[in-house]
Amino acid sequence: MIAAENISYTIKHRPILDEVSVSLRPGTVTALLGPNGAGKSSLLKCLSGSVQPSTGEVHLDGVRLQNYSLLELSRRRAVLSQSTALSFPFTALELVLMGRNPHTDGPGQEDAQDRARQALESVDAWSLRDRIFPTLSGGEQQRVQLARVLAQIWGQRQACLFLDEPTAALDLKHQHLVFQLIRRLARGNGLTVCVILHDPHLARRYCDRAILMQQGQVFTAGAIAEVLAAENIERVFEIPPDWLDGWESL
Amino acid sequence: MNTVTRASSITLPFLSGRISLLLLMSLALFVSLLMALAIGAVSIPLSALFSGRLSAQDMAVITSIRLPRVLLSAIVGAALAVSGASMQSLFRNPLADPGVIGIASGAALAVAMVIVLAGPMSGVLALYSLSLAAFTGGLVTCLLIFRFTGISGAFSATYMLLAGIAINTLSGAATGFLTYLSDDQQLRALTFWSMGSFGGALWPGVLVATTIVLPATYLLLRNARALNILLLGDEEARYLGVDSRRLQRRVILCTALSVGAAVAVSGIIGFVGLVVPHLIRLTLGPDNRFLLPASALLGALLLVLADTLARTLVAPAELPVGILTSLIGGPFFLWLLIKQYAGRMGL
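Computed from a predicted model, the values in this text were never measured in an experiment.

**Student:** I keep staring at the overall build of chain A and nothing clicks. Help me out?
**Tutor:** When helices and strands are tallied, chain A shows nine helices and ten strands. By the compact-globule yardstick of 18 Å for 250 residues, chain A fits well, its C-alpha radius of gyration being 18 Å. Counting only C-alpha atoms and orienting by the principal axes, one finds that chain A spans roughly 50 × 40 × 35 Å. Residues counted as buried form 55% of the 250 residues belonging to chain A. For chain A, contacts bridging at least 24 residues in sequence account for 66% of all contacts bridging at least 6. With the model as given, the accessible surface of chain A reaches about 10800 Å², and the carbon-plus-sulfur share is 47%. The average position of the 25 basic charges and that of the 27 acidic charges among the side chains of chain A differ by 4 Å.

Written out as structure tokens, the structure reads:
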């Protein structure tokens, strides 16, 4: 369970997040939606402990996020950032194995190879294992990075997974494969998943809950069907109703 | 499209393959050390070296001239190569090198200041103070470039190289000014020292370099795994449990110490920190757990060979080894770049 209470985040006096309160539940996939610049990535960073909110607090299982050490946190939550550049010629498998770094001295160090393999297989990228990462296509790179992030918490229960646009570079088939996988992991292993995405169809099909953001604030949050009602989308994204023709009946 | 692959080198059989390769390189280094002891203006046969039946004169040549010199070139080679490899991870850029980005010249400027302003010195303490000056100069430069390239958030190769050019030019001008101020004796010391040479190598130099370079190198090697993770980015490294700030500070400190010690005892010797890690990365991959120790061994080997060449090519005179490494390293690096470019374009 991750809960944020009244968190605000400002960069150089510019408010990015304004009094945001949200909670993420184990076993569910929560979609984080909103226009560009609404503060989705910043909220994700606050919830994952990458940045500390200017005011307010984030709790993970009732304990303040700052009270966890980097290592403790890395053993129970994984984060896929929007863009990650790597110009050194690591192979895809070597990269995914880096995801096991937090467990080097702990339980699960022996089967790092197995977990890396399973993570790569789960995103349909095992065949890329010996390819040099910087030479892969954008979509292939994204799948391998996702496998690295999944390997970090592979086989664990009650872990947290934060994904910032995990399917932005993927083709249609892999978009669906990835979201099916994410939902399966949430259901099966009790993962708490929070994912930023732009496609309302994907969100409605695979996510349980949604947080709709607008200008640094939560516009509405709750069950996915209610949050993604046509009038909410029209208002938050400022689009005319006829652009959403048939959305409700889809 | 031809795909680029390499056997993922984490599985155990290959790991032992890597270890045997490290052993092989150690052996090559050992052989080159022996050869370097035997070869020179006075040739001393290896058989005499092994049997221990040396004339008093040969003995003196070995113990007070060649042995310190050979050891020093090995230590400096290892220090420069490991510093280069670590810096490339720090800046996430395979072009980072103590020479290219101005850290060596910053260190050199500090040493030149001490030579000219404090006057000639000798002995172990003097060498330590030169090392301290070089360390300070290197550290300041490294921090400056690190801050400069980190300003935009993402490290940019362009900013790093431009900052390096600016710092190289600045310290070159300042060193030039110091040269202008110096008297004949200082001028001679400055000129030869700045070309990079092991000509004046004595036991105090070996002592100073060893006591600084070994601990620094050990610390860098211990952080090899974390350096791999750092290549993913500051934020990603923290997500994976690596305190990237602390690691960066540690790497800057250790490389500045190593480069400082190397510059203080031997001047600027270019391209070792660039070419050696590059070679290893091209053939065996970028994993720092292997790259760093392999760079240390190959850097040492390369500089022992280069120094042997430098003192035998025009014997009884000798070439500054820094000129030799630049002469070999420069074209070699260009060749690497062209080859890499051609490979990427599928030519």
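Having seen the model, we can carry on.
**Student:** It is not clear to me how the interface of chain B and chain A should be interpreted in this structure. Could you clarify?
**Tutor:** When the parts come together, some accessible area is lost, and that loss is often what is quoted as the size of the interface. Across the contact, 31 residues belong to chain B and 34 residues belong to chain A. Of the roughly 2800 Å² buried between chain B and chain A, counting both surfaces, carbon and sulfur atoms make up 61%. On inspection of chain B and its partner chain A, the count reaches one salt bridge. Between Lys-45 of chain A and Glu-235 of chain B there is a salt bridge, with its nearest N and O atoms 3.5 Å apart. Between chain B and chain A we count six residue pairs in polar contact (both at pLDDT 80 or more) in total. Per-element accounting of the side of chain B that touches chain A gives the leading share, four residues, to helix α10 (residues 234-239) of chain B. Of the residues belonging to the side of chain B that touches chain A, the class tally is twelve nonpolar, nine polar and ten charged.

**Student:** Help me out: how do you make sense of the sheet that holds strand β3 (residues 29-33) of chain A in this one?
**Tutor:** By definition, the strands of a sheet pair up through backbone hydrogen bonds, in either a parallel or an antiparallel sense. All names here are of chain A. Read from one edge of the open sheet, six strands run β6-β7-β8-β3-β9-β10, paired in mixed fashion. Whereas interior strands pair on both sides, the edge strands pair on one side only; in this sheet they are β6 (77-80) and β10 (217-223). Across the sheet, the axes of successive neighbouring strands diverge by a mean angle of 15°, strand direction being ignored. Summarising the sheet, strand β7 (residues 160-164) and strand β8 (residues 192-196) pair through five bridges and their orientation is parallel. Bridging across to β8, Phe-162 finds its partner in Cys-194. In this fold helix α1 (residues 40-48) packs onto β3, β6, β7, β8 and β9 (209-214), with an angle of close to 160° to the strand it touches most, β7.

**Student:** I keep staring at the nonpolar core and nothing clicks. Help me out?
**Tutor:** One recurring pattern in soluble globular proteins is that nonpolar side chains are buried together. Val-144, Leu-150 and Leu-161 of chain A together with Val-76 and Phe-91 of chain B are the most contacted members of the largest nonpolar core, which totals 160 residues. Here this core takes 15 residues from helix α3 (residues 56-90) of chain B, the largest share from any one element. Listed in part, the 28 residues of the second largest apolar core include Ile-7, Val-20, Leu-44 and Tyr-68 of chain A.

**Student:** I keep staring at the packing of α3 of chain B against helix α13 (residues 288-312) of chain B and nothing clicks. Help me out?
**Tutor:** Two measures define how a pair of helices packs: the angle their axes make with one another and the distance between the axes. Residue and element names in this part refer to chain B. The interhelical angle for the contact between α3 and α13, taken along N-to-C directions, is 140°, at an axis separation of 7 Å. As judged from the angle between their axes, α3 and α13 are oblique. The crossing of α3 and α13 is right-handed. For the contact of α3 with α13, a count of residues per class yields 13 nonpolar, seven polar and four charged.

**Student:** How should the sheet that holds strand β1 (residues 2-11) of chain A be read in this particular structure?
**Tutor:** All names here are of chain A. Here four strands make up an open sheet; going across it, the order is β2-β1-β4-β5 and the pairing antiparallel. The sheet is open, and its two edges are formed by β2 (14-24) and β5 (63-64), each paired on a single side. Bridge count for strand β4 (residues 55-60) against β5 is two bridges, and the pairing is antiparallel. Residue pairing across strands places Leu-60 opposite Val-63, the latter belonging to β5. Sheet contacts for α1: β1, β2 and β4; angle to β2, the most-contacted strand, approximately 55°.

**Student:** Quick question: what am I supposed to make of the packing of aromatic side chains here?
**Tutor:** For any pair of aromatic rings, geometry is given as the distance between the ring centres together with the angle between the planes. Residue and element names in this part refer to chain A. If you walk through the whole model with that rule in mind, you get one aromatic pair over all chains. Between Phe-179 and Tyr-206 the ring centres are 6.0 Å apart and the planes differ by 15°, which places this aromatic pair in the stacked class. Pair noted here: Phe-179 is in helix α6 (residues 172-189) and Tyr-206 is in helix α7 (residues 200-206), with a separation of 27 residues, a long-range link.

**Student:** Can you walk me through unusual backbone geometry in this structure?
**Tutor:** With glycine set apart, most residues show a phi of negative sign, and most peptide bonds adopt trans. All names here are of chain A. One non-glycine residue, Glu-165, lies in positive phi territory at about 50°. Mapped onto the elements of the fold, Glu-165 is located in the loop between β7 and α6. The phi angle at Glu-238 is positive, at roughly 50°, despite the residue not being glycine. Assignment of secondary structure puts Glu-238 in the segment after α9 (230-237).

Parameters at a glance
- Residues numbered from 1 in each chain as written.
- Chains lettered and ligands numbered in written order.
- Predicted model: local features only at pLDDT ≥ 70, side-chain atom pairs only at ≥ 80, totals over all residues.
- Heavy atoms only, no water.
- Helix = DSSP H or I, 4+ residues; strand = E, 2+ residues; numbered from the N terminus.
- Rg over C-alpha atoms; globule rule 2.2 N^0.38 Å.
- Buried < 20%, exposed > 50% of the residue type's maximum accessible area, 1.4 Å probe, protein only.
- Contact = heavy atoms within 4.5 Å.
- Areas by Shrake-Rupley, 256 points an atom, 1.4 Å probe, with all protein chains shown as cover.
- Lys, Arg positive; Asp, Glu negative; His and termini not counted.
- Charge placed at Lys NZ, Arg CZ, Asp CG, Glu CD.
- Buried area = accessible area lost by both parts, 1.4 Å probe.
- Salt bridge = Lys/Arg side-chain N within 4 Å of Asp/Glu carboxyl O.
- Polar contact = N/O pair within 3.5 Å; in protein donor to acceptor, adjacent residues only side chain to side chain.
- Nonpolar A, V, L, I, M, F, W, Y, C, P; charged D, E, K, R; others polar.
- Pairing = 2+ DSSP bridges.
- Axes fitted to C-alpha atoms, helices over the stretch in contact; angles between N-to-C directions.
- Core = buried A, V, L, I, M, F, W, Y, C linked by side-chain atoms within 4.5 Å.
- Parallel < 35°, antiparallel > 145°, perpendicular 65-115°, else oblique.
- Left-handed = near helix turned anticlockwise from the far one by under 90°.
- Phe/Tyr/Trp six-rings, centres within 6.5 Å; stacked < 30°, edge-to-face > 60°.

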